[in-house]
Amino acid sequence: MLVSATEMLNKAKAGHYAVGQFNINNLEWTKAILLTAQELNSPVILGVSEGAGKYMGGYKTVVGMVNGLLEEQKITVPVALHLDHGSYDHCYKCLEAGFSSIMFDGSHYPIDENVAKTTELVKAAHDKGVSIEAEVGAIGGEEDGVIGKGECADPNECKSIADLGVDFLAAGIGNIHGKYPENWEGLSFETLDAIQQLTGDLPLVLHGGTGIPADMIKKAITLGVAKINVNTECQLSFTAATRKYFEENKDQQGKGYDPRKVLAPGFEAIKATVKEKMELFGSVGKA
Ligand code: 13P
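What comes next concerns the included structure. Sequence order as written defines the numbering, with residues in each chain counted from 1. Side-chain atom pairs in this predicted model are given and counted only at pLDDT of 80 or more, local residue features only at pLDDT of at least 70, and totals for whole chains, interfaces and linings cover all residues. To obtain the side-chain values, all non-hydrogen atoms of the structure were included, while hydrogens and water were left out.

## Thoughts on the overall build of the protein chain
Next, step 1: Helix and strand counts for the protein chain come out as 12 helices and 10 strands.
Next, step 2: Atoms counted for the radius of gyration: C-alpha only. Globule rule: 2.2 Å times the number of residues to the power 0.38. The globule rule puts the C-alpha radius of gyration for 287 residues at 19 Å, and the 18 Å found for the protein chain is close to it.
Next, step 3: Its C-alpha atoms give the protein chain principal-axis dimensions of about 60 × 45 × 35 Å.
Next, step 4: We call a residue buried when its accessible area falls under 20% of the maximum for its residue type, exposed when it is over 50%, and partly exposed in between, using a 1.4 Å probe and counting protein chains only. Looking at the protein chain as a whole, 56% of its 287 residues are labelled buried.
Next, step 5: At a minimum sequence separation of 6, the contacts of the protein chain that also span at least 24 residues come to 71%.
Next, step 6: For the accessible areas, the method is Shrake-Rupley and the probe is 1.4 Å, while residue cover comes only from the protein chains on display. Of the accessible surface of the protein chain, which amounts to about 12600 Å², a share of 52% is contributed by carbon and sulfur atoms.
Next, step 7: In this tally, Lys and Arg are treated as positive and Asp and Glu as negative; His is ignored, and so are the chain termini. Lys charges are placed at NZ, Arg charges at CZ, Asp charges at CG and Glu charges at CD. Positive and negative charge centroids in the protein chain, built from 26 and 38 side chains respectively, lie 8 Å apart. What counts as a helix is a DSSP run of H or I of at least four residues, what counts as a strand is a run of E of at least two, and both are numbered from the N terminus. The criterion used for residue contact is that any of the two residues' heavy atoms lie within 4.5 Å.

Right, here's the structure in full:
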């Protein structure tokens, strides 16, 4: 059964580790992530962007697929199904469809409007036992058409959004989605520290997990990050493994054209990436 992400993230924050949010794109992605979480006895959050939700045939399709896998693959670790960077309307669609967690990305609204919409959505989510993440300070890079500049959030704004009752908070600290450019200056630990001082026990979320060096990830966890989002890295490993399959002409050997064979190396590659991240984040054995 799907669970909200609140309890797993409160535990992670108190235990000084982080739970990975891995974005899903299809059945293979979802199954690879869930099986890895079960094998490693780790809690996990499945992230669904609006674009990926549409691609998979709609939010209800996603809920049906995930619930089916939980039951039939005997997944017993805590799993949350989370809308990633949701707009106001899509937060309601996901509440309706049966997601167990949502993110309202109001970072592009003026702070007053972000506050008003977040307040309303906190109530709507909590009425259904669903957890809610908010964002302060746009996170850089481009993700599914959502483009952010890569700011550092204002710690006082973080405090005012945290006080609205959100369950966890994403704050820009110089992180960006996708690959990091050569001249990236790294995470601003000063900003993260200031945010944590004001927000206390609230689990903080680090977006743009792909390509952040391991030592920075570990330091961010010591400063209150309890949820780390990873998307691009699974895409890169899936695609590299699939490319290799074709480069080695495996599709032309025997029944190598069978889509289940074609997608198998990519599936294994996602599993390996998820395992590596869960080990780095410290969530192994924490289910
Ligand atoms: P990456 O694609 O950089 O891993 O970012 C994922 C993310 O933050 C999803 O919200």
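Resuming the write-up.
## A look at unusual backbone geometry
Next, step 1: The backbone of H16 sits at a positive phi, close to 60°, despite the residue not being glycine.
Next, step 2: As for its placement among the helices and strands, H16 is situated in the loop between α1 (6-15) and β1 (19-23).
Next, step 3: Of note in the backbone geometry, K74 takes a positive phi value of approximately 55° without being a glycine.
Next, step 4: Position of K74 relative to the elements: it lies in the loop between α4 (59-72) and β3 (79-86).
Next, step 5: Note on K74: relative accessible area 63%, which makes it exposed.

## Regarding the sheet that holds β1
Either a parallel or an antiparallel arrangement is found when strands of a sheet pair, and the pairing is made through backbone hydrogen bonds.
Next, step 1: Spatial ordering of the closed barrel is given by β1-β2-β3-β4-β5-β8-β9-β10, a layout of 8 strands whose pairing is parallel. On average, each strand axis in the sheet is inclined to that of its neighbour by 25°, with strand direction left out of account.
Next, step 2: Pairs of strands are assigned from DSSP output, requiring at least two bridges between the strands. In this structure, strand β4 (residues 101-104) lies alongside strand β5 (residues 131-136), joined through 4 bridges in parallel fashion. Counterpart to F104 in the pairing with β5 is A134.
Next, step 3: As a rule, the C-alpha atoms of each element are fitted with a line to give its axis, helices using only the stretch in contact, and angles between N-to-C directions run from 0 to 180 degrees. With respect to the sheet, helix α2 (residues 27-39) is in contact with β1, β2 (44-49) and β3, its orientation differing from that of β2 by roughly 165°.

## Things to note about helix α10 (residues 232-247)
Next, step 1: Expected helix span is computed as 1.5 Å times (number of residues minus one). For α10, spanning 16 residues, the distance from its first C-alpha to its last is 22 Å, which sits close to the expected 22 Å at 1.5 Å a residue.
Next, step 2: Of all the residues in α10, the buried ones are T232, E233, C234, S237, F238, A241, T242 and Y245.
Next, step 3: Positive phi appears at N249, one or two residues downstream of α10, with a value of about 55°.

## A word on the environment of V79
Next, step 1: Locating V79 in the fold gives a position in strand β3.
Next, step 2: Sequence-wise, V79 and V66 are 13 residues apart; in three dimensions their C-alpha atoms are separated by 9.5 Å.
Next, step 3: Beyond its immediate stretch of four places on either side in the chain, V79 contacts M1, L2, V3, M8, L34, V44, L46, L70 and S100.

## Thoughts on helix α9 (residues 214-222)
Next, step 1: Buried residues of α9: M216, I217, A220 and I221, and no others. Buried positions in α9, seen along its axis, are confined to an arc of 140° and lie on one side of it. α9 presents D215 and T222 as exposed residues on the side facing more than 90 degrees away from its buried surface.
Next, step 2: Each element contacted by the buried residues of α9 is listed here: α8 (189-199), β9 (204-206), β10 (225-230) and α12 (264-281).
Next, step 3: Backbone geometry just downstream of α9 places G224 in the positive-phi region, at approximately 105°. In this description, one arc is meant: the one made by directions from the helix axis to the C-beta atoms.

## Focus on the pairing of strand β8 (residues 168-171)
Next, step 1: The alternating pattern of β8 places F168 and A170 and L169 and A171 on opposite faces, both of which are buried.
Next, step 2: Relative to β8, β5 is paired through 4 bridges, and the arrangement is parallel. Bridging from a neighbouring strand, A134 pairs with L169 of β8.
Next, step 3: Bridge count between β8 and β9: 2 bridges; the pairing is parallel. Counterpart to L169 in the pairing with β9 is L204.

## Here we look at the packing of α4 against helix α5 (residues 88-97)
Next, step 1: For the pair α4 and α5, interaxial distance at closest approach is 9 Å and the crossing angle is 40°. Here α5 runs oblique to α4, going by the angle between their axes. Of the two possible hands of crossing, α4 and α5 adopt the one that is right-handed. Residues Y59, K60 and V63 of α4 lie in contact with α5, whose contacting residues are H90, K93, C94 and A97. In what follows, roughly perpendicular refers to angles from 65 to 115 degrees, roughly parallel to angles under 35, roughly antiparallel to angles over 145, and oblique to any angle outside these ranges. With the far helix as reference, a near helix turned anticlockwise by less than a right angle produces a left-handed crossing, and one turned clockwise produces a right-handed crossing.

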